[in-house]
Amino acid sequence: MKSYEQLLLQNKSWVEEVNRRDPDFFKRLVATQTPEFLWIGCSDSRVPANEITGTRPGEIFVHRNIANMVVHSDMNMLSVLSYAVEVLKVKHIIVCGHYGCGGVLAAMGNKQFGLIDNWLRHLKDVYRYHAAELDGISDLEQRGRRFVEMNVIEQVHDLGKTSIVQKAWNNGQPLNIHGWVYDLKDGLIKDLGVTFTSTKDLHTVYHFQ
Ligand SMILES: [Zn+2]
């Protein structure tokens with residue numbers, strides 16, 4: 001059997017398992033989705049949003065890209081954000097990075113990788129903002145871990161800067177933005193404690209009236 005055929009087979013047994021535990025599961029889900037969370041995570045295959053949070057289909061709206069970035073000109077991210085906030089009315093947006101992130105570590109170095117260098121450039125900007133602290137960490141693994149955390153914090157800021165999030169806040173819509181990091185070594189998620197809940201959490205230069 002081909003490796004991809006295995007996936008289809010596993011899908012069938014997953015359906016059987018779900019139906020056995022909850023016969024109405026698909027009937028309920030097909031009608032609508034009302035997820036409370038938008039997840040912005042890394043594309044890394046080791047960080048699957050549903051599995052590591054113990055959630056089921058229908059519970060998390062997911063956007064993933066290399067190094068969980070919120071790039072203000074990324075039409076894909078903006079469309080996901082707009083739909084999640086304005087239509088689904090999610091209550092929480094979670095930016096979840098992960099230690100050992102290949103994208104973050106690549107951005108720390110000087111090697112060229114091709115097209116992806118354009119994407120990694122955004123990460124290098126994050127490094128430059130925090131260069132004083134990062135350059136002061138001599139252990140490269142520790143520096144990489146701190147860079148991962150700083151990147152998540154910066155993406156929380158970047159979400160708050162968007163007109164989509166600010167409009168929701170100004171309309172009194174409850175919307176919290178969280179910064180988390182997943183550790184590949186033990187599977188645990190750490191809350192970085194950078195929760196943004198209103199425009200007050202943003203520097204005034206970003207405020208829209
Ligand atoms: Zn990654």
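Residue numbers run consecutively from 1 along every chain, following the written order of its sequence. Owing to the predicted nature of the model, reporting of local features is limited to residues with pLDDT of at least 70; listing and counting of side-chain atom pairs is limited to 80 or more, with chain, interface and lining totals taken over all residues. The basis for every side-chain value is the complete set of non-hydrogen atoms in the structure, without hydrogens or water.

Asker: I keep staring at the coordination of the zinc ion and nothing clicks. Help me out?
Answerer: Each pair of donors in an ideal octahedron of six around a metal sits at 90 or 180 degrees, and each pair in an ideal tetrahedron of four sits at 109.5 degrees. Listed donors are limited to N, O and S atoms within 2.8 Å of the metal, widened to 3.2 Å for Na, K and Ca; water is not among them, so incomplete-looking sites are possible. Distances from the zinc ion to its protein donors, C42 (SG), H98 (NE2) and C101 (SG), fall within 2.1 to 2.3 Å. The motif formed by the donor residues of the zinc ion, counted along the single chain, is C-x55-H-x2-C. Placement of the pair is C42 in strand β1 (residues 37–42) and C101 in the loop between β3 (92–98) and α5 (102–108), with a sequence separation of 59 residues. Classification of C101 as buried rests on a relative accessible area of 1%. Segments assigned H or I by DSSP are reported as helices when at least four residues long, segments assigned E as strands when at least two residues long, and all are numbered from the N terminus. Only protein chains enter the accessibility calculation, which uses a 1.4 Å probe; a residue whose area is less than 20% of its type maximum is buried, one above 50% is exposed, and one in between is partly exposed.

Asker: Could you clarify how one ought to interpret helix α4 (residues 75–87) in this entry?
Answerer: Since the α-helix turns once every 3.6 residues, residues separated by three or four places project in the same direction. For α4, which comprises 13 residues, the first-to-last C-alpha distance of 17 Å matches the rise-based estimate of 18 Å (1.5 Å per residue) to within 8%. Listed in full, the buried residues belonging to α4 are M77, L78, V80, L81, A84 and V85. Looking down the long axis of α4, one finds its buried residues gathered within 165° of arc, a one-sided arrangement. Every exposed residue of α4 that faces more than 90 degrees away from the buried side is listed here: M75 and V87. Residue contacts follow a heavy-atom distance rule, with two residues in contact if any of their heavy atoms lie within 4.5 Å. Looking at the packing, one finds that the buried side of α4 touches β1, β2 (60–65), β3, α8 (140–161) and α9 (163–170). Expected span, for any helix, means 1.5 Å times one less than how many residues it has. It is the directions from the helix axis to the C-beta atoms that the arc portrays.

Asker: Sorry if this is basic, but what is going on with the state of the cysteines here?
Answerer: Two cysteines form a disulfide when their sulfur atoms are joined by a covalent bond. Here, the term disulfide refers to a pair of cysteine sulfur atoms separated by no more than 2.5 Å. A complete count under the given rule lists 0 disulfides for this structure. A disulfide-free cysteine, C96 has its sulfur positioned 9.7 Å from the sulfur of C42, the nearest such atom.

Asker: Looking at this structure, I do not really get the pattern of salt bridges. What am I missing?
Answerer: Where charged atoms of side chains with opposite charge meet at close range, the side chains can pair. One side-chain nitrogen of Lys or Arg within 4 Å of one carboxyl oxygen of Asp or Glu is enough to make a salt bridge. Counted according to the given criterion, the structure contains 14 salt bridges. With a shortest N-O distance of 3.3 Å, E17 and R21 are connected by a salt bridge. Separated by 4 residues within a single helix, E17 and R21 lie in helix α1 (residues 3–21), roughly one turn from each other. What makes R21 exposed here is its relative accessible area of 53%. K185 is the partner of E141 in a salt bridge, and the nearest nitrogen-oxygen pair spans 2.9 Å.

Asker: Explanation requested: the side chain of N65 in the structure shown.
Answerer: You can see N65 is positioned in strand β2. For N65, a relative accessible area of 9% corresponds to the buried category. Pairs of N or O atoms within 3.5 Å make up the polar contacts considered here, provided that, within protein, one atom can donate a hydrogen while the other can accept it, and that residues adjacent in sequence are counted only when both atoms are side-chain atoms. In terms of polar contacts, N65 uses its side chain to reach the backbone amide nitrogen of N68, at 3.2 Å. Among residues more than four places away in sequence, those in contact with N65 are G41, C42, S43, D74 and W119.

Asker: Would you mind going over the layout of surface pockets with me for this structure?
Answerer: A probe matching the size of a water molecule, rolled over the atoms, marks out where space remains unfilled. Here a cavity denotes a set of grid points, spaced 1 Å apart and computed over the protein atoms alone, in which a 1.4 Å probe fits but from which it cannot get out, and a pocket denotes an open set meeting protein on both sides within 12 Å along at least five of seven lines; residues with an atom within 4 Å of a point are reported as lining. Grid points are joined across faces, edges and corners, and a volume is the space filled by probe spheres set on the points. Reported here for the largest pocket is a volume of approximately 320 Å³. Around the largest pocket sit 15 residues that line it, and V70, H72, H122, D158 and K161 are the ones nearest its centre. Those elements that provide at least two residues to the lining of the largest pocket are α6 (117–129) and α8. Looking at the lining of the largest pocket, the element that brings in the most residues is α6, giving 5 residues. Think of it as three bins: nonpolar holds Ala, Val, Leu, Ile, Met, Phe, Trp, Tyr, Cys and Pro, charged holds Asp, Glu, Lys and Arg, and polar takes everything else, Gly as well. Here the residues of the lining of the largest pocket are counted per class, giving 6 nonpolar, 4 polar and 5 charged.

Asker: Even after reading the chapter, I still don't get the packing of α8 against α9, so can you show me in this structure?
Answerer: If you want to describe how two helices pack, look at the angle between their axes and the distance between the axes. Relative orientation of the contacting elements α8 and α9 amounts to 65°, with a least axis distance of 5 Å. By the angle between their axes, α8 is roughly perpendicular relative to α9. Along its contact with α8, which presents L159, G160 and K161, the element α9 presents S163, V165, Q166 and W169. Residue classes in the contact of α8 with α9 are distributed as 3 nonpolar, 3 polar and 1 charged. Each axis is a line fitted through C-alpha atoms, taken for helices only over the stretch in contact, and angles between the N-to-C directions span 0 to 180 degrees. Note that the term roughly parallel is reserved for angles under 35 degrees, roughly antiparallel for angles over 145, roughly perpendicular for angles of 65 to 115, and oblique for everything else.

Asker: Got a minute to help me understand the environment of H72 in this structure?
Answerer: The topology assignment puts H72 in the loop between β2 and α4. Judged by its relative accessible area of 68%, H72 falls in the exposed class. Between the C-alpha atoms of H72 and D183, which are 111 residues apart in sequence, the distance is 27 Å.

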